[in-house]
Amino acid sequence: MNSLSSPSVRTPSSSGPALPDALALSLPRPRVLLVDDLAQNRLALRALLDPLDVEVLEAGSGEQALELLLAHEDVALALLDVQMPQIDGFSLAELMRGAQRTRHIPIMFLTAGSDQDRRSFRGYEAGAVDFLFKPLDPQVLRSKVQVFLALDRQRRELAQRMLQLQRMSRLNGLMLSTLTHDLKAPIAALSMNAELLQRMAEVPAAQRAGARIKSAAGLLARQLDHLVALSHLPEPGIALSPERLALDTLLEARLQALHARGGLAGGWQIERSGDLALEADRARLEAALDALLLPAAALADEQPLLLMLDGSGRRSLGLTLLVDGLPGETAREHLFGSGVAVDGLALPQLGVGLQAVERLVRSLGGSLVGRCHPREGTRFELLLPRSFND
């Protein structure tokens, strides 16, 4: 309510660190919300803020301020006069703090009232980050405003860079998928020719060479599948609590639990190699193993399930589930989709029946590849990072 005397505007010698030209051009001017019921006060404050190159949103009441906040999303700072009719500064601040859209906006109270200690305490309770009293020192006001403008600039730069990184990640994933798709055709040809060499060669050395080439082509195809799976970002918004675990111990416990429920009639056999310790979210990894063991056990029926744990890698470890035999047509399409296997190579894709498992595995930073082929049977290959820091 009290009039704000118009002080002389002094341009500070330094307006704070400047952004590089490329970034400065890519970001719009920051917005400052100015709320005061007296026009002369708003005029004086606008004059103080002019050297900072900001977009000033003026409101003569709390109601007008709320309308402006609805119309403009990015507001770097709100300067609120405390003593206003109807909706005063404290009430406006409480309304802003109660709304998801505006609760992040820093609030600076301006007042010429008395009983300063009590009012300051109420102001901070209402969500203020600062509290200034009239008449205002122009240099002090501009310095404080610059701090919040710099914070807002950093926030917007970070958001912009995160958006660019997400776009680049999606582009990299698309390029990697295209590249691996193009590589699979020559790998399939290499595998088929290696098999022909193995079958038709009369010299044992040539047969062994064909077998080695076919094995190398199959390994390369599996690595390409894992690269495609790892090219996707982890699911957003997932809170993980990593702890040190032994994959073989955890797997054995999940197998025992499945067997106790009658879901693993044929038993199992585990082959271990290397160090099987890793850091992972226990609950999420247990859920992924349960969801993967269930279809594998159903396919195995009364046959034993073979599980191979490979801990020879420094940054990752793998779990391979082998089932002797192939699923029926309906089950195959459910687990592996409707694609057709290339002669000489397994079918490296997942259907709707394994998508939930894949999401769980991907949230752990890993990848899952499902494969079925008449000469190889059915297999599921799970690759997990040894540590979230790797």
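Treat the numbers as computed from the prediction; the structure is a model and nothing was measured.

Draft legend 1. Expanded view of the overall build of the chain. Along the backbone of the chain there are 11 helices and 12 strands. For the chain, with 390 residues in total, the buried portion stands at 41%. The long-range fraction of contacts in the chain, counting pairs at least 24 apart against all pairs at least 6 apart in sequence, stands at 69%. Just so you have it, the chain exposes about 20500 Å², and 55% of that area is on carbon and sulfur atoms.

Draft legend 2. Structural view of the sheet that holds strand E1 (residues 31-35). Taken in spatial order, the 5 strands make up an open sheet running E2-E1-E3-E4-E5, and their pairing is parallel. Either end of the sheet is taken by a strand with one partner, and the two such strands are strand E2 (55-59) and strand E5 (130-133). Each neighbouring strand pair of the sheet contributes to a mean axis angle of 20°, computed without reference to strand direction. Examined bridge by bridge, strand E3 (residues 77-81) and strand E4 (residues 107-111) share 4 bridges and lie parallel to one another. Following the sheet pairing, leucine 79 is matched in E4 by methionine 108.

Draft legend 3. A look at the side chain of aspartate 152. Along the polypeptide, aspartate 152 turns up in helix H6 (residues 138-200). Classification of aspartate 152 as buried rests on a relative accessible area of 6%. Setting aside anything within four residues of it in sequence, one finds aspartate 152 in contact with Pro30 and Ala76.

Draft legend 4. Summary view of the packing of aromatic side chains. Counted under the stated rule, the structure contains 1 aromatic pair. Each ring, one from phenylalanine 90 and one from phenylalanine 109, has its centre 5.1 Å from the other, and the planes form 75°; the classification is edge-to-face. Here the residue phenylalanine 90 occupies a position in helix H4 (residues 89-97), and phenylalanine 109 occupies one in strand E4, the gap between them amounting to 19 residues. With respect to burial, phenylalanine 90 and phenylalanine 109 carry one shared label: buried.

Draft legend 5. Focus on the environment of arginine 156. Looking at the element boundaries, arginine 156 is found in helix H6. Judged by its relative accessible area of 11%, arginine 156 falls in the buried class. Put simply, arginine 156 and proline 28 are 128 residues apart on the chain and 9.6 Å apart in space, counted from C-alpha to C-alpha.

Draft legend 6. Geometry of unusual backbone geometry. Phi is positive for aspartate 53, which is not a glycine, with a value near 55°. Mapping aspartate 53 onto the fold places it in the loop between helix H2 (39-49) and E2.

Draft legend 7. Looking closely at the pattern of salt bridges. For the coordinates displayed, the defined rule picks out 15 salt bridges. For aspartate 53, the salt bridge goes to arginine 29, with nearest N and O atoms at 3.4 Å. With aspartate 53 in the loop between H2 and E2 and arginine 29 in the loop between helix H1 (21-26) and E1, the pair connects residues that are 24 residues apart, well separated along the chain. The salt bridge involving arginine 199 is made with glutamate 195; its shortest N-O contact spans 2.5 Å. Highlighted residues: arginine 199 and glutamate 195, both in helix H6, separated by 4 residues, approximately one helical turn. Taken together, the shared-partner salt bridges connect Arg42, Arg46 and Glu58 into one network.

Draft legend 8. Quick look at the pairing of strand E12 (residues 377-385). Most of E12 is tucked away, with 8 of its 9 residues classed as buried. Pairing of strand E10 (residues 316-323) with E12, which is carried by 8 bridges, proceeds in the antiparallel orientation. Bridge assignment links leucine 319 to a residue of E12, and that residue is leucine 382. Alignment of strand E11 (residues 367-373) against E12, held across 7 bridges, turns out to be antiparallel. Each bridged residue has a counterpart across the sheet, and for serine 367 the counterpart in E12 is leucine 383. Count of turn residues in the E11/E12 antiparallel hairpin: 3 residues.

Definitions and cut-offs
The residue numbering used here restarts from 1 in each chain and proceeds along that chain's sequence as written. Owing to the predicted nature of the model, reporting of local features is limited to residues with pLDDT of at least 70; listing and counting of side-chain atom pairs is limited to 80 or more, with chain, interface and lining totals taken over all residues. The side-chain quantities take in all heavy atoms of the structure and omit both hydrogens and water. Starting at the N terminus, helices and strands are each numbered in turn, a helix being any DSSP run of H or I of at least four residues and a strand any DSSP run of E of at least two. Exposure categories follow from relative accessible area, calculated using a 1.4 Å probe and restricted to protein chains: below 20% of the type maximum is buried, above 50% is exposed, and the middle band is partly exposed. Any two residues whose heavy atoms approach within 4.5 Å at even a single point are treated as in contact. To be clear on the numbers: accessible area is Shrake-Rupley with a 1.4 Å probe, and residue cover counts the displayed protein chains and nothing else. Between any two strands, pairing holds if DSSP finds at least two bridges. Between N-to-C directions, angles span 0 to 180 degrees; the directions come from axes that are lines fitted to C-alpha atoms, helices contributing only their stretch in contact. A pair of Phe, Tyr and Trp rings is counted when the ring centres sit within 6.5 Å of each other, with Trp represented by its six-membered ring. The angle between the planes then sorts it: under 30 degrees is stacked, over 60 is edge-to-face, the rest tilted. Here a salt bridge means any side-chain nitrogen of Lys or Arg lying within 4 Å of a carboxyl oxygen belonging to Asp or Glu.

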